[in-house]
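# Remarks on the overall topology
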Amino acid sequence: MTRTRHAVPMILALFTLMAGAAGAEEAPDNITAARDENGRYYTADDVPTFKITEDGTVDWLTYSGFRRYHSECHVCHGPEGEGSSYAPALKTSAINMDYYDFVDVVTNGRKKVSAAENSVMPAFGENVNVMCYLDDIYVYLKARGADALPRGRPAKKEAKSDAIKDAEKACLGHE
């Protein structure tokens, strides 16, 4: 009888854990490329992502993102998205933050002021050197945050597709 009495709470706890695990919703995979659209890679949820082959060849957007990040973002956020004493690391933001929130913060900026914090992210919504390459910057940071891409300039890259060239020209007003 004593064994049964002690076993009942354990069994109930086990059922509670199993029910919680069964009801828990698994976070969507925001890393793995599920499809390719003219040299742009997307997750199953249609969020831009990177593709790096076994030999280290990166997709064009990741390569372009490296270049764009280092021309516009690294001054505040540090090289390779590692952060600085001035601004936080962004490589983890691309993994942990919803893509649409990322776009919103870069486009509209953000200000956090409190007793413990004083940070300002300026709005880049009118800067074509950021906005025309926002997905590039995002997938580069995502690759860095996933530890799929080491520090430094990627050594090998896919060719820039005609669709990416056309979108770039249209965004920059060079049609």
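Preceding this section is the structure that the text describes.
Here's what I pulled together on the structure shown here. Predicted, not measured: the structure shown is a model, and the values here were computed from it.

### As for the overall build of the protein chain
- When you go through the protein chain residue by residue, the secondary structure sums to eight helices and seven strands.
- Buried positions account for 34% of the 175 residues belonging to the protein chain.
- Counting contacts in the protein chain only where the partners sit at least 6 residues apart, residues at least 24 apart contribute 56% of the total.
- As presented, the protein chain carries roughly 11000 Å² of accessible surface, and 54% of it is formed by carbon and sulfur atoms.

### Looking at the state of the cysteines
- Per the stated rule, a full pass over the model turns up one disulfide.
- Two residues share a disulfide in this structure: cysteine 132 and cysteine 171, whose sulfurs sit 1.9 Å from each other. Disulfide cysteine 132-cysteine 171: torsion about the S-S bond near -90°, hence left-handed. Pair noted here: cysteine 132 is in the loop between helix H6 (128–131) and helix H7 (134–145) and cysteine 171 is in helix H8 (residues 162–172), with a separation of 39 residues, a long-range link.
- Judged by relative accessible area, cysteine 171 falls into the partly exposed class, the value being 38%.
- Considering cysteine sulfurs only, cysteine 76 is the nearest to cysteine 73, which forms no disulfide, with 8.7 Å between them.
- Residue class for cysteine 76 comes out partly exposed when judged on its relative accessible area of 31%.

### Remarks on unusual backbone geometry
- Positioned with a positive phi, asparagine 38 is a non-glycine residue whose angle comes to about 55°.
- Inspection of the secondary structure puts asparagine 38 in the loop between strand S1 (35–37) and strand S2 (40–42).
- Despite not being glycine, aspartate 147 has its phi angle at roughly 60°, a positive value.
- Tracing the backbone shows aspartate 147 in the loop between H7 and strand S7 (156–157).

### Some details on the environment of lysine 111
- Checked against the element boundaries, lysine 111 lands in strand S5 (residues 110–113).
- Separated by 10 residues in sequence, lysine 111 and methionine 121 place their C-alpha atoms 6.2 Å apart.

### Observations regarding the packing of helix H2 (residues 60–72) against H7
- Look at H2 against H7: their axes get within 7 Å of each other, and the N-to-C directions meet at 100°. The angle between H2 and H7 falls in the class roughly perpendicular. Contact residues: Leu61, Thr62, Ser64, Gly65, Phe66, Arg68, Tyr69 and His70 in H2; Asp135, Asp136, Ile137, Val139, Tyr140, Leu141 and Ala143 in H7.
- Its residues assigned to classes, the contact of H2 with H7 shows eight nonpolar, four polar and three charged.

### Thoughts on the sheet that holds S2
- Pairing within the open sheet is antiparallel, and its three strands lie in the order S1-S2-S3. What marks the edges here is a single partner per strand, and that holds for S1 and strand S3 (48–49).
- Here S2 runs beside S3; their pairing, made up of two bridges, is antiparallel. If you follow tyrosine 41 over to S3, its bridge partner there is threonine 49.

### Side note on the environment of cysteine 171
- Residues cysteine 171 and methionine 131, 40 residues apart in the sequence, show an inter-C-alpha distance of 8.5 Å.
- The contacts of cysteine 171, once residues within four sequence positions are left out, are Val128 and Cys132.

### Examining the pattern of salt bridges
- Under the counting rule described, the total for this entry stands at six salt bridges.
- Beyond isolated ion pairs, a larger network of salt bridges with shared partners links Arg35, Glu37 and Asp46.

What counts and how
Residues numbered from 1 in each chain as written. Predicted model: local features only at pLDDT ≥ 70, side-chain atom pairs only at ≥ 80, totals over all residues. Heavy atoms only, no water. Helix = DSSP H or I, 4+ residues; strand = E, 2+ residues; numbered from the N terminus. Buried < 20%, exposed > 50% of the residue type's maximum accessible area, 1.4 Å probe, protein only. Contact = heavy atoms within 4.5 Å. Areas by Shrake-Rupley, 256 points an atom, 1.4 Å probe, with all protein chains shown as cover. Disulfide = S-S within 2.5 Å. Axes fitted to C-alpha atoms, helices over the stretch in contact; angles between N-to-C directions. Parallel < 35°, antiparallel > 145°, perpendicular 65-115°, else oblique. Nonpolar A, V, L, I, M, F, W, Y, C, P; charged D, E, K, R; others polar. Pairing = 2+ DSSP bridges. Salt bridge = Lys/Arg side-chain N within 4 Å of Asp/Glu carboxyl O.

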